[in-house]
Amino acid sequence: MKKMYSDIFKLFFGLFLYSLGMVVGYQAHIGYAPWEAFHVGLSNVTGLSIGQAGILVGAIIMVFVVIKKEALGYGGILNMILIGLQFDLILSSGLVPISASFVQSLIYVFIAMIIISFATYFYISAAFGAGPRDALMVFLSRRFKISNGFARRILEIVVTFFGYLMGGQVWIGTLIFAFVTGVIMDFIFTKLKFDPKTIEHRLIRNSPAA
């Protein structure tokens, strides 16, 4: 039971960190992180808030990964809902001020990537299932036998392109996110001896053996 409470804490802590990391990257204002650029672009097109756009995208990806027989857990559903809601709340709270200089913006971007990488470790290691985007990352990693970081880079380059087409702000920060986040994540996961593909999740439905 103690392990269960510890894992629940890790799940919610990780999801909060993920939202915080997204806001830090957003407030850098030198180009949104790839998924945020996509969400902002979708927000421009649909009139949804950025958080609501993120929830919609997460729901669509969740349907896809379930069709592809990836594992589905309650943590994935909470990820889909809470990260978008928390993003809107943290952004509106003013907890993270807008960057006042280019140097500060670069610092924001690197802090955001580190926060998101640790957030991914916490909430996936809680073993309640990966969120939609990370489930897609793990699916690509397993399907094409590539590292999690490389799979993430592929995804982020693709969503950056479509986010740009919809009017999401794409600049140097976006490129740093797209090409460096996966490297940082691989480094942190290696140091922590953590491989998301080896986690046995508490699932709503089971995936087939990899």
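Structure: see above.
Residues numbered from 1 in each chain as written. Predicted model: local features only at pLDDT ≥ 70, side-chain atom pairs only at ≥ 80, totals over all residues. Heavy atoms only, no water.

### Side note on the nonpolar core
Core analysis: the biggest nonpolar cluster contains 61 residues, and Tyr18, Val24, Val109 and Tyr123 have the highest contact counts within it. Those elements giving two or more residues to this core turn out to be α1 (2–28), α2 (34–46), α3 (50–67), α4 (74–93), α5 (102–125), α6 (132–144), α7 (148–165) and α8 (172–191). Setting aside chain neighbours within four positions, we find Tyr18 in contact with Ile83, Ile116, Ala119, Thr120, Tyr123, Asp134 and Arg152. (Core = buried A, V, L, I, M, F, W, Y, C linked by side-chain atoms within 4.5 Å. Buried < 20%, exposed > 50% of the residue type's maximum accessible area, 1.4 Å probe, protein only. Helix = DSSP H or I, 4+ residues; strand = E, 2+ residues; numbered from the N terminus. Contact = heavy atoms within 4.5 Å.)

### Structural notes on the environment of Gln169
With respect to the helices and strands, Gln169 occurs in the loop between α7 and α8. Between the C-alpha atoms of Gln169 and Gly21, which are 148 residues apart in sequence, the distance is 17 Å. A distance of 2.9 Å separates a polar atom in the side chain of Gln169 from the backbone nitrogen of Gly31. (Polar contact = N/O pair within 3.5 Å; in protein donor to acceptor, adjacent residues only side chain to side chain.)

### Some thoughts on empty space enclosed by the protein
Applying the stated criterion across every chain yields a total of two cavities of 30 Å³ or more. As for the largest cavity, its lining consists of 26 residues, and the residues nearest its centre are Tyr18, Met22, Trp35, Glu36 and Arg133. At the level of elements, α1, α2, α3, α4, α5, α6, α7 and α8 are the ones that each hand at least two residues to the lining of the largest cavity. Top element by residues in the lining of the largest cavity is α4. It accounts for five residues. Estimates place the volume of the second largest cavity at around 50 Å³. Lining the second largest cavity, in full, are Tyr18, Trp35, Arg133, Asp134, Met137, Arg152 and Leu155. At the level of secondary structure, the elements contributing two or more residues to the lining of the second largest cavity comprise α6 and α7. Its residues assigned to classes, the lining of the second largest cavity comprises four nonpolar, no polar and three charged. (1 Å grid on protein atoms, 1.4 Å probe; cavity = no way out; pocket = protein on both sides within 12 Å on 5 of 7 lines; lining within 4 Å. Points joined across faces, edges and corners; volume = space filled by probe spheres on them. Nonpolar A, V, L, I, M, F, W, Y, C, P; charged D, E, K, R; others polar.)

### Remarks on the pattern of salt bridges
According to the stated counting rule, one finds four salt bridges in the structure shown. With a closest N to O distance of 2.7 Å, Lys3 and Asp7 form a salt bridge. With Lys3 and Asp7 both in helix α1 and four residues apart, the pair spans about one turn of that helix. Lys3 sits in the exposed class, given a relative accessible area of 52%. Using a relative accessible area of 2% as the deciding quantity, one classes Asp7 as buried. Each of Lys3, Asp7 and Arg202 takes part in salt bridges that share partners, so that together they form one network. (Salt bridge = Lys/Arg side-chain N within 4 Å of Asp/Glu carboxyl O.)

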